Amino acid sequence: MSLLFAILFYAATLLFVVGLFQRIRTYANTPAPLKIPTTPAPITTGGVVLRMTREVVFFESLFKANLWTWAMSIMFHGSLLLVALRHLRYFTDPVWGWVAMIQPFGTYAGFTMLAGLGGLWARRLFVERIRYISTLSDHLMLVLLMGIAASGLMMKFITHTDVVAVKGFFLGWLHLSIQPLPAEAILAFHLLSVVALLAIFPFSKLLHAPGIFFSPTRNQTDNPREKRHLSAWAAKMESEN
Amino acid sequence: MADVAAPAYRIIPIIPALKPGAMEGKGPFVANEKINEALGFPGKMAENWQETHDAVIAKMGELLGKYRSLKVYMDACVHCGACSDKCHYFIGTQDPKNMPVARQDLMRSVYRRYFTLPGKLFPALVGARDLTREVLDEWYNYFNQCSECRRCSVFCPYGIDTAEVTMAAREILDSVGYGQKYSNEIIGKVHKIGNNLGLPAPALIDTLEGLEEDVKDATGIDVRFPIDVKGAEVLLITPSADFFAEPHIDSLIGYAKVFHATGTSWTLSSMSSEAGNFGMFIGNYDQLRTIAMRIRQAALELGVKRIVVGECGHAWRVAYSFWNTLTGVGDGADANDRFAQMLQKQLDHRYKQPAHICEFTWDMIQDERLSFDKSKNDKHIITFHDSCNVARGSRMGDFAGGQFEIPRNIIKAVANNYVEMRDGTTREQTFCCGGGGGLLTDDLMDLRVKGALPRMEVLQQVVDGHGVNFMATICAICKAQFTKVMPIYGFDRRMVGGVHQLVSNAIILGDK
Ligand code: SF4
Ligand code: SF4
C-alpha cells in the first residue's frame, strides 16, 4: 500500500504541476487585444495590484454580490489555507516555527472548512437558481472537499491516526524513499481524495485560482487614452494596410 | 405594440422565481443574404448541418486563441451564482437562461465538450453538450437577449464578463451566416452612407441648416452647426439619432450652444457622421475597426486638433477604450508606430483624446467660460440614469469614477433640483435601459419592456418619493429605448432627455 500511495502521489503531483503550468502558459500567451477593465478601474499599475489583492484576499466583488455566498466562501477558503499550511508539518523536519504556531488554529479550521463547504453545498441544493446552474461535477467537487475535511478531522479527533508514521512516509516520499504508511481505511480515504483533487485541478473549475490573475476585466489598467494598447495579431492588420 | 404589456412592479430588490422557458423562441429577425454579404459574412447558413457544425467549432477555437478574456472565462466560472440575479433581463423575464452564468453556459457546455478533457470523456458529469442545430438556435435566441451591459461582470469574483461571451457567440453566428438583422443592417448603412440611420450628406446638411433657423427663432442668436469645415479645432462625433430624433436633437443643440458660448471652432463630418459602432455588438474586431477608421480619416482630412464625442453610451466606450487601439485616436503610441503617430502628432495633447462632450462642458464650466440661468430648469425635478457602457466600460476626467461625477456635476451646475435613484442601481451597479447591445429593434419589444423593469421600478420610487419628472441620460440608445418603453409603464415619454438638453435650457448666450 505504501508503494502504491507513493506512486499515486508522484503521479498526481506531476499532473498538478505540469497541468497547471500548461494552463497558465496558455492564458499568458493568449493575447488580450482590447482594453476591457470593468470600471471604476484603477488608473495605475499599483492600483491594479491593490484591486487584485482585494479580490484575492477579501473576495471584494463577491462581497458586493451576495453576503451569504461571500461568508461561506471566505470561511471555506480561509480555513483551507490554514489547514494546508498546517499540513506543512508533515513535510518539514524540524517543523518550522510559524507552522508550529498556527497548528492549533489549523486543527480547528478543519471544522470551519467543513461548515463553509456545507453552507455552499446547501445553497447548491436548496436555492432554486443555484441548483439550476449546478452540474454534477459542482456537487461532486464539494462532496470531495467535504470528504477530505471530514476524514481529516476524524483521524485527529476520533481514530487518532499514527501521525508520526504518516510524517515518516511523506519525509521519505520527498527523498524518493518509500516508508511504511499506517494501514488504515480512513487514512487511505483521506489520501486518495487528496490525490484525486490534485489530479483534477488543472482540468476543472478549480482553474478559477490561476484564472483570476489573468482576467482582463480585473487586471488591466484603465489608461487607453494615455497609452496605445496593441496586440500582436491586431498590429498585423496595420502593417498589411 | 398593443400585445406588449409591462410586468407588474415588485418591492425591490427582489430575486424572482424561475420560469424556465419563458423567453424560449426564435429570437430576433435573422439577417438576409444581402445584408450579411455586404459585411463579408456568408449569406446564409449552409444546407448541410455538419458543415456549419465544423465551422462553428473551428471559429470557436480561433476566438479562444485570440481573446484571453474568452479563454479564461470559459475555464474560471465556479457556478457560484453571484451573477445569477444581476441581469435586468433575468429579473424582468424570469427565464433562467437569462442568468448571466446560464447564458455563458450555453457556450461553455460546447466548449467543455470540444476543448476540454473531462468534457470529451465524461460530458454528462461536467454539463458538456454536443453542438446540435438546437443548441445553435438556443445561442441565437439567448445571446440576442443580452445587451452586453456588463452588470454581471461587476459582481463576479473573477470579473467574468458575459458581454465578452455574447460578443464571441454573435461573431461565431455571423461567421456561419446566422446573423441578426437589425445590427448587421445598421453596420451596412455605416459602410455605405456613413451613419446608422442612412442619412445621406445632403439631408444632413439640410437638417443642420434647419436647426440653425430653429435656434435663431428661439434665442435670436446665430448658433452655427458647421459641417466639413477644414481646420476647425474640434471634430464632433455624435450618434446620428442626434440629428433628428426626439429628444436627442435637444442635446445636439446643447453641444452647439456650448461651442458657441465658448467660442470654440468646431465641425461635424458628413463622411463620418456617426459615433455609434455596432461592430462591438456583433463582437467583430474587423467591423469595429473599419467603422472606427472613418473617424480617423475625417480627423486627418479636416486637420482637427481635438475629437469630442456626443451623448452615446456604447459609442463612448468604443471611443474611450478602443479608438486608440483601433485607429490611433489617443496618445502614447510608440515612436516607431507610424500608423498612430501620424494622427497623434496632429492632435493637441493638452486635452484628452478623444474627449466626451461632458468632459468638454465640465472643463468649460470650471474655467468659468459658461454661465447659466438655473431657474430655466426649475420645472424639472431631475434624476440621472447612468448608461451601462459609460458606467462600466469607460471613464471621464482623470480620476477613477469620473464618468459618474462629471455628468452629475453638470446637471447640478445647470439645474436646481436633483435627486439620486436608489443605491445599488446607479453608478457601476446601474441597470441597463433594456435596449442596448443591438436589441433596440421592434421585433424584440417584449424583451425590451421586460428588461426595463428594474430601472422602471427604481424610477417609480423617486417619482413617488420626490416628484421626479425628468430622467437625464447620456446615451442615444437609452433615450430611444425609454421614450418607447416608458409609456408602456405609464410614464410620459418626455420625461427622458439628455444632459445637454438641460445645458441647452439654462445656458446664457450672447454678451455677458
Ligand atoms: S452583460 Fe448585461 S445583459 Fe448581458 S448577461 Fe450580463 S447583465 Fe445581462
Ligand atoms: S459570478 Fe462569475 S463565477 Fe459565479 S457563476 Fe457568475 S460567472 Fe460564474
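As a convention, each chain's residues are numbered from 1 in the sequence order in which they are written. Key to labels: chains lettered from A, ligands numbered from 1, both in the order written. Restriction of local features to residues with pLDDT of at least 70 applies here, the model being predicted, together with a cutoff of 80 or more for giving and counting side-chain atom pairs; totals for whole chains, interfaces and linings are based on all residues. Excluding hydrogens and water, the side-chain values take into account all heavy atoms of the structure.

Some remarks on the overall build of chain B
The criterion, for reference: The secondary structure listing takes helices from DSSP runs of H or I that are at least 4 residues long and strands from runs of E that are at least 2 residues long, numbered from the N terminus. Here the globule rule reads 2.2 Å times residues to the power 0.38, and the radius of gyration is calculated from C-alpha atoms. Accessible areas in this description were obtained via Shrake-Rupley with a 1.4 Å probe; residue shielding takes into account the shown protein chains only. Positive charge is attributed to Lys and Arg, negative charge to Asp and Glu, and no charge count is given to His or to the chain ends. To locate a charge, take atom NZ for lysine, CZ for arginine, CG for aspartate or CD for glutamate.
Scanning chain B from N- to C-terminus turns up 23 helices and 7 strands. What you see for chain B is a C-alpha radius of gyration of 23 Å, in line with the 24 Å of a compact globule of 512 residues. Dimensions of chain B along its principal axes, counting C-alpha atoms only, are 75 × 55 × 40 Å. Total accessible area computed for chain B in this model is approximately 17000 Å², and 51% of it derives from carbon and sulfur atoms. The centroid of the 56 positive side-chain charges in chain B is displaced by 3 Å from the centroid of its 61 negative side-chain charges.

Describing the site of ligand 2
The following threshold applies: Only a single heavy atom is needed: when it lies within 4 Å of a molecule or strand, its residue is near that molecule or strand. Ten residues, namely Ala, Val, Leu, Ile, Met, Phe, Trp, Tyr, Cys and Pro, are considered nonpolar, four, namely Asp, Glu, Lys and Arg, are considered charged, and the remaining ones, Gly among them, are considered polar.
Contacts to ligand 2 come from 13 residues, most closely from C77(B), C80(B), G81(B), C83(B) and C156(B). Of the residues that constitute the shell around ligand 2, the class distribution is 10 nonpolar, 3 polar and no charged.

So, the sheet that holds strand 1 (residues 234–237) of chain B
Residues and elements named next belong to chain B. As a reminder, the rule being used: Pairing between strands requires that DSSP locate at least two bridges from one strand to the other. Contact criterion: two residues are considered in contact whenever any of their non-hydrogen atoms come within 4.5 Å of each other. Axes here refer to lines fitted to C-alpha atoms; in helices the fit is confined to the stretch in contact. Angles between the N-to-C directions go from 0 to 180 degrees.
Taken in spatial order, the 4 strands of this open sheet run 2-1-3-4, and their pairing is parallel. The outermost strands of the open sheet, each flanked by one partner alone, are strand 2 (266–267) and strand 4 (355–356). As paired strands, strand 1 and strand 2 are joined by 2 bridges and run parallel to one another. Each bridged residue has a counterpart across the sheet, and for L235 the counterpart in strand 2 is T267. Its contacts with the sheet place helix 14 (residues 285–302) against strand 1, strand 2 and strand 3 (306–309), and it is angled at close to 155° to strand 1. Across the sheet, helix 15 (residues 313–327) touches strand 1, strand 3 and strand 4, and the angle it forms with strand 3 is around 140°.

Examining a negative patch on the surface
Note the following rule: Any residue with relative accessible area above 30% and no salt bridge may belong to a patch, with like charges joined within 9 Å and the nonpolar Val, Leu, Ile, Met, Phe, Trp and Tyr side chains within 5 Å. A carboxyl oxygen of Asp or Glu within 4 Å of a side-chain nitrogen of Lys or Arg is what we treat as a salt bridge.
On the surface, D206(B), E209(B), E213(B), D214(B) and D217(B) cluster together into a negatively charged patch. Counting through the fold element by element, E213(B) comes out in helix 12 (residues 201–219).

Brief notes about the domain arrangement of chain B
Residues and elements named next belong to chain B. Applicable threshold: The split of the chain into domains comes from an automatic or database domain assignment. The quantity reported as buried area is the accessible area (1.4 Å probe) lost by two parts once they are put together, taken as the sum for both.
Here chain B is partitioned into domain 1 (33–179), domain 2 (194–358) and domain 3 (372–508). Between the C-alpha centres of domain 1 and domain 2 there is a distance of 33 Å. Between domain 1 and domain 2, the residue contacts involve 9 residues of the former and 8 residues of the latter. Note on domain 1 versus domain 2: buried area summed over both sides is about 820 Å², and carbon and sulfur give 42% of it.

A closer look at the interface of chain B and chain A
Here is the rule we go by: Nitrogen and oxygen atoms within 3.5 Å of one another constitute a polar contact, given that in protein one can donate a hydrogen and the other can accept it, and given that sequence-neighbouring residues count only through two side-chain atoms.
Each partner contributes to the interface: chain B provides 91 residues, whereas chain A provides 61 residues. For the pair chain B and chain A, the summed buried surface comes to about 6000 Å²; carbon and sulfur atoms form 57% of the total. Looking at the side of chain B facing chain A, the largest losses of area belong to R68(B), H79(B) and T325(B), adding up to 12% of the total buried there. Joining chain B to chain A, the criterion identifies 8 salt bridges. A salt bridge links D75(B) to R23(A); the shortest N-O distance between them is 2.6 Å. Linking chain B with chain A are 49 residue pairs in polar contact (both at pLDDT 80 or more), by the criterion used here. With 9 residues, the top contributor of residues to the side of chain B that touches chain A is helix 15 of chain B. Partitioning the side of chain B that touches chain A into residue classes produces 45 nonpolar, 22 polar and 24 charged.

Observations regarding the pairing of strand 1 of chain B
Rules: Between buried and exposed lies partly exposed: a residue is buried under 20% and exposed over 50% of the maximum accessible area for its type, with that area taken using a 1.4 Å probe on protein chains only. By the criterion used throughout, a crossover qualifies as right-handed when its path from the first strand across the helix to the second strand runs clockwise, the strands pointing away from the viewer.
Of the two faces of strand 1 of chain B, the one carrying V234(B) and L236(B) and the one carrying L235(B) and I237(B) are both buried. Crossover strand 1 of chain B to strand 2 of chain B through helix 13 (residues 248–262) of chain B is right-handed.

Here's the deal with the environment of M445(B)
With respect to the helices and strands, the residue M445(B) is situated in helix 20 (residues 445–451). Considering only alpha carbons, one finds M445(B) and A5(B), 440 residues apart in sequence, at a separation of 9.9 Å.

Looking at the layout of surface pockets
Convention followed: Here a cavity denotes grid points, spaced 1 Å and computed from the protein atoms alone, that fit a 1.4 Å probe unable to get out, and a pocket denotes an open set having protein on both sides within 12 Å along at least 5 of 7 lines; residues with an atom within 4 Å of a point are the lining. Grid points are joined across faces, edges and corners, and a volume is the space filled by probe spheres set on the points.
Considering only enclosed or pocket space, the second largest pocket measures out at about 640 Å³ in volume. Looking at the second largest pocket, it is lined by 33 residues, and the ones nearest its centre are T135(A), S137(A), R112(B), L125(B) and V126(B). Looking at the lining of the second largest pocket, the elements with two or more residues in it are helix 6 (128–133) and helix 7 (136–157) of chain A together with helix 3 (68–76), helix 5 (100–115), helix 6 (117–121) and helix 7 (123–126) of chain B. Among the residues making up the lining of the second largest pocket, the classes are represented as 17 nonpolar, 7 polar and 9 charged.

Considering empty space enclosed by the protein
The gaps of empty space that remain are located by a probe, the size of a water molecule, rolled over the atoms. Using the criterion set out here, one finds 5 cavities of 30 Å³ or more in the structure. L34(A), Y67(B), E164(B), M167(B) and G283(B) are, among the 21 residues lining the largest cavity, the residues nearest its centre. Looking at the lining of the largest cavity, the elements that each hand over two or more residues are helix 3, helix 10 (162–175) and helix 14 of chain B. The greatest single-element share of the lining of the largest cavity, amounting to 4 residues, is contributed by helix 10 of chain B.

Focus on the packing of helix 1 (residues 2–29) of chain A against helix 8 (residues 163–174) of chain A
All names here are of chain A. Formally: Should an angle fall under 35 degrees it is called roughly parallel, over 145 degrees roughly antiparallel, and 65 to 115 degrees roughly perpendicular, with every other angle called oblique. Each helix crossing is assigned a hand: it is left-handed if the near helix lies turned anticlockwise from the far helix by less than a right angle, otherwise right-handed if that turn is clockwise.
Interaxial distance between helix 1 and helix 8 falls to 11 Å at its minimum, and their mutual angle equals 55°. Relative to helix 8, the element helix 1 is oriented oblique. Every pair of crossing elements has a handedness; the one defined by helix 1 and helix 8 is right-handed. Here S2, F5, A6, F9, Y10 and T13 of helix 1 come into contact with helix 8, specifically with F169, F170 and W173. Residues of the contact of helix 1 with helix 8, tallied by class, amount to 7 nonpolar, 2 polar and no charged.

So, the site of ligand 1
In the vicinity of ligand 1, 13 residues are found, and the nearest of them are C87(B), C146(B), C149(B), R150(B) and C152(B). Among the secondary structure elements, those contributing two or more residues to the shell around ligand 1 are helix 4 (88–93), helix 5 and helix 9 (151–155) of chain B.

Observations concerning the UniProt feature "domain: NarG-like" (unreviewed entry) in chain A
Put simply, the rule reads: UniProt positions are given in the numbering used here, feature names are shortened, and annotations may be inferred rather than shown by experiment.
As annotated in UniProt, the feature "domain: NarG-like" (unreviewed entry) corresponds to residues 67–209 of chain A in the numbering used here. In residues 67–209 of chain A, the share of helix is 76% and the share of strand is 0%. The end C-alpha atoms are 21 Å apart.

Quick word on the sheet that holds strand 7 (residues 496–498) of chain B
Residue and element names in this part refer to chain B. The sheet built from 3 strands is open, its strands ordered 5-6-7 with parallel pairing. Each of the sheet's edge strands pairs with one partner strand only, and the pair in question is strand 5 (382–384) and strand 7. Shown here is a sheet whose adjacent strand axes are inclined to one another by a mean of 35°, direction ignored. For strand 5 and strand 6 (residues 470–473), the ladder comprises 3 bridges, and the chain directions are parallel. Each bridged residue has a counterpart across the sheet, and for F384 the counterpart in strand 6 is A472. On the sheet, helix 22 (residues 476–485) packs against strand 6 and strand 7 and is oriented at approximately 165° with respect to strand 7.

A few points about the UniProt feature "transmembrane region" (unreviewed entry) in chain A
Residue and element names in this part refer to chain A. Here the UniProt feature "transmembrane region" (unreviewed entry) sits at residues 65–85, 105–127, 139–158 and 178–201. Secondary structure across residues 105–127 divides into 96% helix and 0% strand, with the first and last C-alpha atoms of the span separated by 32 Å. Here residues 139–158 is 95% helix and 0% strand, with 27 Å between the C-alpha atoms at its ends.

Structural notes on the pattern of salt bridges
Oppositely charged side chains can form a pair if their charged atoms are brought close together. The final tally for this structure, using the stated rule, is 38 salt bridges over all chains. Of the charged contacts, one joins K44(B) and E47(B) as a salt bridge, the two residues approaching to 3.8 Å between their closest N and O atoms. Accessibility expressed as a relative area gives 47% for K44(B), which makes it partly exposed. On the accessibility criterion, E47(B) (75% relative accessible area) is exposed. Residues K86(B) and D85(B) are paired through a salt bridge, measuring 2.6 Å at the closest nitrogen-oxygen approach. Across the pair, exposure class does not vary: K86(B) and D85(B) are buried alike. Salt bridges sharing common partners tie together R228(A), E238(A), R289(B) and D337(B).

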